[in-house]
Amino acid sequence: MWSLPAALSLLMLLLLLLQAPPCRLQSLGTPKLRLVGPGSRPEEGRLEVLYQGQWGTVCDDDFALQEATVACRQLGFETALTWAHSAKYGQGEGPIWLDNVRCMGTESSLDQCMSNGWGVSDCSHSEDIGVVCHPQRQRGYLSERVSNALGPQGRRLEEVRLKPILASTKRHSLVTEGAVEVRYEGHWRQVCDQGWTRNNSKVVCGMLGFPSEAPVNSHYYRKVWNLKMKDPKSRLKSLTQKNSFWIHQVNCLGTEPHMANCQVQVAPARGKLRPACPGGMHAVVSCVAGPRFRPAKAKPGRKESWAEQEPKVRLRSGAQVGEGRVEVLRNHQWGTVCDHGWNLISASIVCRQLGFGSAREALFGAQLGQGLGPIHLSEVRCRGYERTLSDCPSLEGSQNGCQHENDAAVRCNIPNMGFQNQVRLAGGRSPEEGVVEVQVEVNGVQRWGAVCSDHWGLSEAMVACRQLGLGFASHAIKDTWYWQGTPGAGEVVMSGVRCSGTELALQQCSRHGPVHCSHGTGRFSAGVSCTDSAPDLVMNAQLVQETAYLEDRPLSQLYCAHEENCLSQSADLMDWPYGHRRLLRFSSQIYNLGRADFRPKTGRHSWIWHQCHRHYHSIEVFTHYDLLTLNGSKVAEGHKASFCLEDTNCPTGLQKRYACANFGEQGVTVGCWDTYRHDIDCQWVDITDVGPGNYIFQVVVNPKYEVAESDFSNNMMRCRCKYDGHRVWLHNCHTGDSYRANAELSLEQEQRLRNNLI
């Protein structure tokens, strides 16, 4: 028989044992988080957790700033600003996975915090927690991808395509109109047209690489459908009676980057044994291709505005078509966009504005290289309905401390033109190199063959690598005897290839009509070596402007420079060592803003020893220094015959890797710069024979394209130069692509007018 005190003690002990303490969550891998709710701000919303393949919410009990901070860091943001209780961002659906979450604030993910355990909760969805994160991304957080933003249902909606119905659309290699088909859990299904809207069409076209949609003649397609349904030989009628043939209903806002972000109902509501598309037909979509993807004879419709005016946004340094660092034009000057608040919706506006489809990835942290010059925009807040990026609310880039290490970039959906199937590499040591073999039409028959290496250079190799989907060309190879091509494809079928570098395929470049190759076939077929990253050299224009001055240098101190061909030809006729030369001197600082080190084209065995400078030169012609008239005629040349490449300076935390001394390795590391001071030999233009006047001072880096770069458009730097016979002034120094062409012209016209007034 238990006494009363003993019974009470036993009861209290049992209650303590039965009360479940907070526990650490046990899960396989770190669970994914997402923020959901109205609006397009990526850094705030209802907090949801993916567990066991299903998204669920988090209860607001005990949730505070420490817990919000852990969640925000896991989502890739720097920190949390605040949290919101009582389902401020709307009530979620499905399970409430977490309750009574308690974090120290140092955890790297929410599953490392204490809680009641997975699915153990006494909350309702009216208590769903929301968080507001700081918009700045963490340094290691690289991008927002469409695939990362999709839930389990979205990952089952794998891809979309258009099935051409009309004979006229079947003949084209690029399908822009047809029935919508969705690949769902490995099988293709058609979408019922009941409730189908233009917003749905816009999302489908964006996924397929098209910037906009066009109206469809639905009455005509209905007639074609009815005829097929009545045709006894057609299987269509029996197929449409199966719900597995259909996607029941799709409802998009038109701003989504992927159909899986829309409200998609695969089958009718459960419990209702009714057909998925009663009395309906397949949804038909017509898309409008961007200018780069239209056939040559196609004329844009009235609605398109790409041809009406030059876009005020561009992509730079991308390895593929439709990707790159985002730059915008303001006050006649190009500048970058800060990644604070950058997301897929804003990125899609850029893509569509440039004639591509929606964005498949919004990249942060200068993943596609850093820009130069101003940072024009930050905190871009597009809603998805805007026509251009300038229509979106934003802040000035200078307002919140953005640096070029925060430059935003994008990867867009582009149409499948089939060009990738018309080129291949053979015989290389890896899939990224080999003899270039192309498929062209010969006497009405499609044949594979080689490309003649006459005139084959980096511009042509860049197009080949891009067409292959392999990024940039690191080398254009003219002598490929050591690579065995595909048997039967050794005959040259393409010669005289000349590419501007912007073409989508080698077949679009100019070339000979009848094939003519001076070397014949075999060892002189064209080859390439491709890479997914490349350097990008840019001259520091401001430093040139600040350091320029004149020097009258005695000939007695110019023997070495004369040997290096750094003086004008008239120096040969002078009475050495008497007299002097007038030199326009300046410092140059060349940055590598790309994603790969800049290395010499040749190995050490080919480097040339220069006794005057007491070091090896790895590139014979690395820069051209010239003085031009306002109409572009050259009046003085001071080309830098050769360079020794090294890391003169690197940012804090980055180690120098290249040095000229002691026959060291030469190059310029990513993020570092090579400086040539104004007081070293050949760092000048010889203007002894130049009269007073107004000129253009021009510097071109890597002028012969000897080494591949991700962007050659910024290799030229120009300054306005005024010389009165005694003094010199340089002003308005800028890299070649800093200003648009008509702005450059207006500055020149203004200068001429000013001279006329004087």
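Structural data are supplied above this passage.
The structure contained in this document is the topic of the report that follows. Fair warning: this is a prediction, and the values are worked out from it, not measured in the lab. (Residues numbered from 1 in each chain as written. Predicted model: local features only at pLDDT ≥ 70, side-chain atom pairs only at ≥ 80, totals over all residues. Heavy atoms only, no water.)

**Remarks on the pairing of strand β33 (residues 580-585)**
Basically, it comes down to this: Each residue's exposure class comes from its accessible area (1.4 Å probe, protein chains only) as a fraction of the maximum for that residue type: buried when under 20%, exposed when over 50%, partly exposed otherwise. Only runs of H or I of at least four residues qualify as helices and only runs of E of at least two qualify as strands under DSSP, and these elements are numbered from the N terminus. Whether two strands pair depends on DSSP finding at least two bridges between them.
Buried residues dominate β33, accounting for 5 of its 6 residues. Sheet topology places strand β32 (residues 549-554) next to β33; 6 bridges connect them, and they run antiparallel. Bridging across to β33, L550 finds its partner in L584. Pairing of β33 with strand β40 (residues 684-686) involves 3 bridges; the strand directions are antiparallel. Among the inter-strand pairings, L584 is bridged to a residue of β40, identified as V685.

**Description of the packing of aromatic side chains**
Convention followed: Stacked, tilted and edge-to-face pairs are distinguished by plane angle, under 30 degrees for stacked and over 60 for edge-to-face with tilted covering the rest, among Phe, Tyr and Trp rings (Trp via its six-membered ring) whose centres lie within 6.5 Å. Distance and angle both matter: a charge sits over a ring if NZ of Lys or CZ of Arg is within 6 Å of the ring centre and within 35 degrees of the ring normal.
For the structure on display, the rule yields 14 aromatic pairs. Measuring from centroid to centroid gives 6.3 Å for W97 and W118, while their planes differ by 85°, and the two rings are edge-to-face. Of the two residues, W97 sits in strand β6 (residues 96-98) while W118 sits in the loop between β7 (114-115) and β8 (130-133), which places them 21 residues apart along the sequence. The same class applies to W97 as to W118, namely buried. Where F598 meets F622, the ring centres are 5.8 Å apart and the plane angle is 65°; that geometry is what we call edge-to-face. Here F622 lies in the loop between β36 (615-617) and β37 (623-628) and F598 lies in the loop between β34 (588-592) and β35 (608-610), a separation of 24 residues in the sequence. We note that F598, like F622, is buried. Ring pairing ties together the aromatic residues Y51, W97 and W118, which thus form one cluster. Lying across the ring of W188, R161 places its NZ or CZ 3.8 Å from the centre. A cation sits over an aromatic face here: R424 above W448, 4.0 Å from the ring centre.

**Concerning the sheet that holds β40**
Selection criterion: Throughout, an axis means a line fitted to C-alpha atoms (over the contacting stretch in the case of helices), and angles, computed between N-to-C directions, take values from 0 to 180 degrees.
Read from one edge of the open sheet, 3 strands run β32-β33-β40, paired in antiparallel fashion. Lying at the two open borders of the sheet, with one neighbouring strand each, are β32 and β40. Taking each pair of neighbouring strands and ignoring which way they run, the sheet shows an average axis angle of 35°.

**A look at the state of the cysteines**
As a reminder, the rule being used: The disulfide criterion used throughout: a pair of cysteine sulfur atoms within 2.5 Å.
All chains considered together, the criterion is met by 15 disulfides. Across a sulfur-sulfur distance of 1.9 Å, C59 and C123 are joined as a disulfide pair. One disulfide, between C59 and C123, carries an S-S torsion of -75° and so falls in the left-handed class. Of this pair, C59 sits in the loop between β4 (54-58) and α2 (65-74) while C123 sits in the loop between β7 and β8, and the two are 64 residues apart along the sequence. As far as burial versus exposure is concerned, C59 and C123 are alike and both buried. Between the sulfur atoms of C103 and its disulfide mate C113 the distance is 2.0 Å. Linking C103 and C113, the disulfide has an S-S dihedral of approximately 105° and is accordingly described as right-handed. Here C113 lies in the loop between β6 and β7 and C103 lies in the loop between β6 and β7, a separation of 10 residues in the sequence.

**Brief notes about the sheet that holds strand β31 (residues 537-539)**
The strand order across the open sheet formed by 3 strands is β31-β34-β39, and the pairing between neighbours is antiparallel. Across the chains shown, the open sheet's two edge strands, defined by having one partner strand only, are β31 and β39 (673-676). On average, each strand axis in the sheet is inclined to that of its neighbour by 20°, with strand direction left out of account. Summarising the sheet, β31 and β34 pair through 3 bridges and their orientation is antiparallel. Residue pairing for β34: M539 is matched across the bridge by I590.

**Points about the pattern of salt bridges**
Defined as follows: Any carboxyl oxygen of Asp or Glu within 4 Å of a side-chain nitrogen of Lys or Arg constitutes a salt bridge here.
Within the structure shown, the criterion is met by 26 salt bridges. For the salt bridge of R677 with D679, the shortest nitrogen-to-oxygen distance reads 2.8 Å. Across the salt bridge formed by D724 and R727, the nearest N and O atoms sit 3.3 Å from each other. On the basis of relative accessibility, which here comes to 30%, the residue D724 falls in the partly exposed class.

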